[in-house]
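Structural overview
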Amino acid sequence: MIKNNSFERWSIEDSIDVYGIQNWGAGYFDVSEKGEVVVTPMGKNGGTRISLMDIISGLSARGMHMPVLLRFENILDSQITLLHENFRNAIKEFDYKGDYKGVYPIKVNQQQQIIEEITRFGAQYHHGLEAGSKAELIAAISFIKDLDACLICNGYKDEEYVDLGLYARKMGYQCFFVIERPGELPLIIERAAKLKVKPLIGVRVKLSTSAGGHWSESGGDRSVFGLNMTQLVNVVDTLRKNNMLDCLKLLHYHLGSQIPNIRDIRASVVEACRIYSGLVEEGAAMGFFNLGGGLAVDYDGSQTNFTSSRNYTLEEYCRDIIEVIKASLGDIPHPTIITESGRATVAYCSVLLFNILDVSFFETISLPDKMPKNTHEHIVNMMDVVKSLNSKNLQECYHDAVYYRDEIRQLFKHGNISLRERALAETIFWNFVKNIAKEIKKYKYVPDEFEKIDVSLADIYYCNFSVFQSLPDTWAIDHLFPIMPVHRLGEAPSRQAILSDITCDCDGKISRFIDLHDVKNTLPLHEFNPEKEYYLGVFLVGAYQETLGDLHNLLGDTNVIGIRLGDNGDYKFVGEIKGDSVEDVLSYVEYDTDDIISRIRAMAEDAIQHGRILVEERREIMEAFEAGIRGYTYFEK
Ligand SMILES: *Cc1c(COP(=O)(O)O)cnc(C)c1O
């Protein structure tokens, strides 16, 4: 897509095209006339907007270093509003008699700032929380004030978990226990009798419908969670025996996260409705139909059923669910519908920003006019091959060149050619690869062996962040996030790059990028000028990335800034959370930093005793170590 025609000036529209910001931005992100990425947290027509570069200068003025994770509270609010409004509209359109209640699953992003904002803003819609462990349940209870909001307890439950949930019920919370395994029911019955609470009980079922996408095994017959039909019937029988069928109120299933195809969603609703009807026929109280998560995010903006995308809009999702439930349930009273959308609720609100530290690229070293005297014949032959390259003999030349390169490497190994000769051979070879890349552009169909040639020639941009800490899914499951420069968008991006982080792990890189068709191997970027900062943003990172991240190479949590925009385009930083210091991360892996400092001090003292350093130098050295231990774990300037 890069324009070759130098007469045509690069425009901001071209950048919008190349990076696809309007495809994946959901109306929250755009490019300003200054060529900077702007955030419009109330959506396109909401008026206020802010440039990420303004935020970056505000941060550096305050001495906040990159990398930084921004959280836009208004975007979170907008996503919650959209979810509820779309369900409300669909309910009206189909004259559905039940209600809709949203629930946010804490595991998707557990940070207090997020939970606090969802429960604060969501209260007007009675938006609830889903907990999957004791810790999440305790956090949930402490933030929900609205007793009409649902509190869903999933996950493995021990006696303590059950008791906490029962106490919440006693206090008036709509706290549901979702039975995931048959063994949980006797415990709930026993503790409920003991604490004299009538519990709200739900059942999680395994559907035979499965879905495409990364997480397809969360649903379906092979899922480790949920009851099969025999177990479900046993639960009903046990409850009936204990006179508790009126406690069974909720049916739950979760197909998996990021379900790209609406047909899978519809099919699962149909199957679950049959189970719901069956439970009503059995005499269970019912009244709640909980579809779990799965509402996908269109990370690449392609609107397809590709794993990084979705082939439906939020409006279609809501309409399809309401329509199918209404049609499938027949005469059965319409239940309250619950969804547990995590990803779609929080993905958009967070943006990761980092600066580029350095770039490495293939320098075009011009080939010598004449070969040095006594050059090995293989090298001379290789040079001849390179000179004979044209668009007709590409593959033949390539095979010959690879043959000579490999022979030359063998010769070097056996001591038959010098280091300098080998270096000359490599220069010739890479020059040749560059020429092939140029020729290949004229081809309509690129032969398989040249498909990744652009990657081998791409620049490497070194980025001040850790993939493992901040974007773990790109490493773990090849997840794609939109990435682009946040400024200079009026300039043509003249380089093709892959990204490397600052861990020393060869997996600490990003070499797959979003595209409307398939996946791109390189990212167009602007030429890097070491004198000037160049900033990239990774977008839609609010879901799953923060706590799945790890301390690879002991690079810690990044700085985090919450941002709230006012109606007049003003903004304020809310909830500033300083990233980990070196001391923090060392303590996570059980070091005692006082002990570390005294060990270094002892080594310094020893160095004085043996005359390796002077006493004054010891002071300087110790000051450097003490400052280092208090510093940020990332690259500081
Ligand atoms: C993880 C999870 C969710 C969240 O799914 P999303 O696809 O992120 O919306 C919802 N419910 C359950 C039971 C989960 O385990």
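The structure reproduced in this document is the subject of the present report. (Residues numbered from 1 in each chain as written. Predicted model: local features only at pLDDT ≥ 70, side-chain atom pairs only at ≥ 80, totals over all residues. Heavy atoms only, no water.)

1. Some thoughts on the overall build of the protein chain
Along the protein chain, the regular secondary structure elements total 22 helices and 23 strands. Each principal axis of the C-alpha atoms in the protein chain carries an extent, and together these give about 100 × 70 × 55 Å. Each of the 637 residues in the protein chain was classed as buried or not, and the buried ones make up 54%. Taking contacts inside the protein chain between residues at least 6 apart in sequence as the whole, the part at least 24 apart equals 74%. (Helix = DSSP H or I, 4+ residues; strand = E, 2+ residues; numbered from the N terminus. Buried < 20%, exposed > 50% of the residue type's maximum accessible area, 1.4 Å probe, protein only. Contact = heavy atoms within 4.5 Å.)

2. A few points about the environment of alanine 135
Here alanine 135 is to be found in helix α6 (residues 134–143). For alanine 135, a relative accessible area of 57% puts it in the exposed group. Spatially, the C-alpha atoms of alanine 135 and tyrosine 161 are 9.1 Å apart, while their sequence positions differ by 26 residues.

3. Quick look at the packing of helix α14 (residues 394–413) against helix α15 (residues 419–440)
One can describe the packing of α14 onto α15 by two numbers: an axis separation of 10 Å at closest approach and a directional angle of 165°. With respect to α15, the axis of α14 lies roughly antiparallel. In this structure, α14 meets α15 at a crossing whose hand is left-handed. The residues of α15 that touch α14, namely those facing Leu394, Cys397, Tyr398, Ala401, Val402, Arg405, Ile408, Arg409 and Phe412, are Leu419, Arg422, Ala425, Glu426, Phe429, Phe432, Ile436, Glu439 and Ile440. Counted by class, the contact of α14 with α15 contains 13 nonpolar, no polar and five charged residues. (Axes fitted to C-alpha atoms, helices over the stretch in contact; angles between N-to-C directions. Parallel < 35°, antiparallel > 145°, perpendicular 65-115°, else oblique. Left-handed = near helix turned anticlockwise from the far one by under 90°. Nonpolar A, V, L, I, M, F, W, Y, C, P; charged D, E, K, R; others polar.)

4. Things to note about the pattern of salt bridges
Counted under the stated rule, the structure contains 34 salt bridges. With a closest N to O distance of 2.6 Å, glutamate 93 and arginine 319 form a salt bridge. Placement of glutamate 93 in helix α4 (residues 73–93) and of arginine 319 in helix α11 (residues 314–329) is noted, with a sequence separation of 226 residues between them. Using a relative accessible area of 46% as the deciding quantity, one classes glutamate 93 as partly exposed. (Salt bridge = Lys/Arg side-chain N within 4 Å of Asp/Glu carboxyl O.)

5. Here's the deal with the site of the ligand
In the vicinity of the ligand there are 17 residues, among which Lys107, Ser257, Glu340, Gly342 and Tyr544 approach most closely. Lysine 107 has a polar side-chain atom sitting 2.5 Å from an oxygen atom of the ligand. A distance of 2.7 Å separates an oxygen atom of the ligand from a polar atom in the backbone of glycine 342. (Near = heavy atom within 4 Å. Polar contact = N/O pair within 3.5 Å; in protein donor to acceptor, adjacent residues only side chain to side chain.)

6. Overview of the nonpolar core
Of all hydrophobic cores here, the largest spans 155 residues; its most connected members are Leu52, Leu70 and Phe72. When sequence neighbours within four positions are dropped, the list of residues in contact with leucine 52 reads Val37, Val39, Leu70, Phe72, Val351, Leu353, Val486 and Phe539. Among the nonpolar cores identified, the runner-up in size contains 27 residues, and Met382, Met383, Ile417 and Ile440 belong to it. (Core = buried A, V, L, I, M, F, W, Y, C linked by side-chain atoms within 4.5 Å.)

7. Thoughts on the environment of arginine 191
Locating arginine 191 in the fold gives a position in helix α8 (residues 184–195). Among the residues examined, arginine 191 registers a relative accessible area of 10% and is labelled buried. Distance from arginine 191 to glutamine 110, taken between C-alpha atoms, is 28 Å for residues 81 residues apart in sequence. Among residues more than four places away in sequence, those in contact with arginine 191 are Glu159, Val162, Asp163 and Leu166.

8. Comments concerning the environment of threonine 633
Mapped onto the elements of the fold, threonine 633 is located in the segment after α22 (615–630). Among the residues examined, threonine 633 registers a relative accessible area of 13% and is labelled buried. Distance from threonine 633 to proline 105, taken between C-alpha atoms, is 30 Å for residues 528 residues apart in sequence. Excluding residues that lie within four positions of it along the chain, threonine 633 makes contacts with Leu554, Leu555, Gly556, Asp580, Ser581, Val582 and Val585. Side-chain polar atoms of threonine 633 contact the backbone nitrogen of glycine 556, separated by 2.9 Å.

9. Notes on empty space enclosed by the protein
Going through the model one piece at a time under the given rule, you end up with four cavities of 30 Å³ or more. Size it by volume and the largest cavity reaches roughly 60 Å³. In terms of lining, the largest cavity is formed by Tyr253, Leu255, Ile259, Ile265, Ser268, Leu291, Gly293, Gly294, Leu295 and Tyr317. Residue composition of the lining of the largest cavity, grouped by class: seven nonpolar, three polar and no charged. (1 Å grid on protein atoms, 1.4 Å probe; cavity = no way out; pocket = protein on both sides within 12 Å on 5 of 7 lines; lining within 4 Å. Points joined across faces, edges and corners; volume = space filled by probe spheres on them.)

10. As for the packing of aromatic side chains
Enumeration according to the criterion identifies 23 aromatic pairs in this entry. Connected via pairs of aromatic rings, a cluster forms that spans Phe87, Tyr100, Tyr312 and Tyr317. In this structure, arginine 405 packs its charged tip against the face of phenylalanine 429, placed 4.7 Å from the ring centre. Arginine 495 extends its terminal NZ or CZ atom over the ring of phenylalanine 361, reaching a point 5.4 Å from the ring centre. (Phe/Tyr/Trp six-rings, centres within 6.5 Å; stacked < 30°, edge-to-face > 60°. Lys NZ or Arg CZ within 6 Å of the ring centre and 35° of its normal.)

11. Observations concerning the sheet that holds strand β6 (residues 128–131)
Spatially, the eight strands close up into a barrel ordered β5-β6-β7-β8-β9-β10-β11-β12, and their pairing is parallel. Strand-to-strand twist in this sheet, taken as the mean axis angle between neighbours without regard to direction, amounts to 25°. Bridge count between strand β5 (residues 100–105) and strand β12 (residues 336–339): three bridges; the pairing is parallel. Looking across to β12, one finds that lysine 101 is bridged to isoleucine 338. (Pairing = 2+ DSSP bridges.)

12. As for the layout of surface pockets
The volume enclosed by the largest pocket comes to roughly 1,500 Å³. What lines the largest pocket is a set of 36 residues, and nearest its centre among them are Ala437, Lys441, Asp454, Gln496 and Thr522. Elements with a contribution of two residues or more to the lining of the largest pocket: α15, α16 (453–456), β16 (495–500) and β19 (519–520).

13. Observations concerning the side chain of serine 257
Relative to the helices and strands, serine 257 resides in the loop between β10 (248–252) and α10 (262–281). According to the relative accessible area criterion, serine 257 is buried, its value standing at 10%.

14. Quick look at helix α7 (residues 159–171)
In a regular helix each residue adds 1.5 Å, so 13 residues correspond to 18 Å; α7 covers 18 Å between its end C-alpha atoms and thus fits that length. Here α7 has its buried residues at Tyr161, Val162, Asp163, Gly165, Leu166 and Ala168. Tucked into the core, α7 has its buried residues touching β6, α6, β7 (150–153), β8 (174–179) and α8. One or two steps after α7, the chain reaches glycine 172, where phi turns positive at roughly 110°. (Expected span 1.5 Å × (residues − 1).)

15. Topic: the pairing of β16
With four bridges joining them, strand β14 (residues 459–463) and β16 adopt parallel strand pairing. Bridging across to β16, isoleucine 460 finds its partner in isoleucine 498. Both β16 and strand β20 (residues 523–525) contribute to a ladder of three bridges, which runs antiparallel. Across the sheet, glutamine 496 pairs through a bridge with proline 524, a residue of β20. Across two bridges, the pairing between β16 and strand β17 (residues 509–510) is antiparallel. Residue pairing for β17: leucine 499 is matched across the bridge by isoleucine 510.

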